[in-house]
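A structural walkthrough
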Amino acid sequence: MLVGVIADDFTGASDIANTLARGPRGRDGLQTMQFLGIPRETAAGDVEAGVVSLKTRSIPALEAVEQSLNALEWLKAQGCRQIVFKYCSTFDSTPQGNIGPVAEALADALGVKGVLACPAFPATGRTVHQGHLFVHGRLLSESGMQNHPLTPMTDPDIRRWLARQVSGPVGLVPTAVVRSGAEAVRAALADAAGRGETLVIADASTDDDLLALGRACNGAALVTGGSGIALGLAANFLDSGEAAGVTGGFRGVDGPEAILAGSCSGATRRQVELHAQRHPALAVDVGDVMSGRTGAADLAAFVTQHEGRSPLVYSSSDPETVERVQQRHDRERVSENLESLFAGLACALVEGGLRRLVVAGGETSGAVVTALGLDALAIGPEIDPGVPVLTNREGTLALALKSGNFGSPDFFEKALARLAGKT
């Protein structure tokens, strides 16, 4: 294994796995496997990039650090030459959050400073300029992310946000340096390390910027960022001849299908609205879930009844409704109960013969794949930027795990067709 990724949620893990397997601009990428949790066994010899999916985005920082360091030890044991810490391209965190502590702990464990930090992913509208994060041209704090139920992002200056989480100063590589090329970036990172800056935010607004950053990170022990930062990493190993690249192909998995949406992001709500106009859709009443009046068996019956018609079960709501529910029932209890509900539903459906499953939302996806007991997923073709087809080891179950803000309005229909190998 050449590249080892530590991802702080499951959808983010499949996102960066997709980037590594796809490679830049039509080139083949690395032979990539996504592991669900820290594996207990050694990876197969043909795996060139291994992505360890954790569920650490919203847990206490000390627990996130411990799990991430354990993942690092496993990846080092596989021979990884480069470690990537992957977090969300909207920098989902809080001032007491985990991105800074985990990145700093990994840097300390590897004995490095001047570590690149770049959440930019232009293909999905995430760009960084002067250390400020934009989403589709709007400042992060005005993009809707300020209403996130778990990690409201109220400050677009991620350099300042990150500085609240770490012990030392945070550096910046501005656009002018990035566009001067890889050598200029490498020199800037070395200067930052000399000043004692462990983490260094890098501007990026285009794929060319990310490719320059990727070239600058050739040989770097640690890189951090969103999945976009991996865009140029595969080429470093392919060009040197150390990697053979992607082999094989995806033929599709057909059969019973379902869509589960737990995200309350604007993109997912639009996808739910469009899909519900043409397909059976069941909205989950959170009050009924909290009282025990609605359970997984009720939802499974709805899905089974509408088999073959792309049925959707969703708890996605607008920010005002989410806030009212959280005030009435407690935010953490609501989150835990919904995750448990969707996890139980997924298990019931798969046990009943479901073959294709689309899940929207990072926390929901994490709960689902954990409950299903999946240990590793092969990376298939891309559905939309940041979302690949995933299959279990046996090839009997195909999944799409979608970050809340990702995907085109018709993503659900498109994903089910791609999982079946029809597009």
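Look above for the structure.
This report concerns the structure included in the present document. Fair warning: this is a prediction, and the values are worked out from it, not measured in the lab.

**Details of the pairing of strand S10 (residues 199-202)**
Side chains Leu 199 and Ile 201 project from S10 onto one buried face, and the interleaved Val 200 and Ala 202 project onto a second face that is buried too. Relative to S10, strand S5 (residues 115-118) runs parallel, the two sharing 3 bridges. Counted as the bridge partner of Ala 117 is Ile 201 from S10. For strand S9 (residues 170-173) and S10, the ladder comprises 4 bridges, and the chain directions are parallel. Residue Gly 171 lies in a different strand from S10, and its bridge partner there is Val 200.

**Structural notes on the packing of helix H13 (residues 331-351) against helix H14 (residues 362-372)**
Where H13 contacts H14, the axes come no closer than 8 Å and their chain directions differ by 45 degrees. Viewed along their axes, H13 and H14 adopt a mutual orientation that is oblique. Relative to H14, the crossing made by H13 is right-handed. Residues Glu 339, Phe 342, Ala 343, Ala 346, Cys 347 and Val 350 of H13 touch H14, and the partners they reach there are Glu 363, Thr 364, Ala 367, Val 368, Ala 371 and Leu 372. By residue class, the composition of the contact of H13 with H14 is 9 nonpolar, 1 polar and 2 charged.

**Re helix H11 (residues 296-305)**
Among the residues of H11, Leu 299, Ala 300, Phe 302 and Val 303 are the ones counted as buried. Within H11, the buried residues cover an arc of 155 degrees as seen down the axis, which keeps them to one side. More than 90 degrees from the buried face of H11, the exposed residues found are Ala 297, Thr 304 and Gln 305. Taken together, the buried residues of H11 touch strand S12 (257-261), strand S13 (281-283), strand S14 (312-314) and H13.

Calculation rules
Residues numbered from 1 in each chain as written. Predicted model: local features only at pLDDT ≥ 70, side-chain atom pairs only at ≥ 80, totals over all residues. Heavy atoms only, no water. Buried < 20%, exposed > 50% of the residue type's maximum accessible area, 1.4 Å probe, protein only. Helix = DSSP H or I, 4+ residues; strand = E, 2+ residues; numbered from the N terminus. Pairing = 2+ DSSP bridges. Axes fitted to C-alpha atoms, helices over the stretch in contact; angles between N-to-C directions. Parallel < 35°, antiparallel > 145°, perpendicular 65-115°, else oblique. Left-handed = near helix turned anticlockwise from the far one by under 90°. Contact = heavy atoms within 4.5 Å. Nonpolar A, V, L, I, M, F, W, Y, C, P; charged D, E, K, R; others polar. Arc of directions from axis to C-beta.

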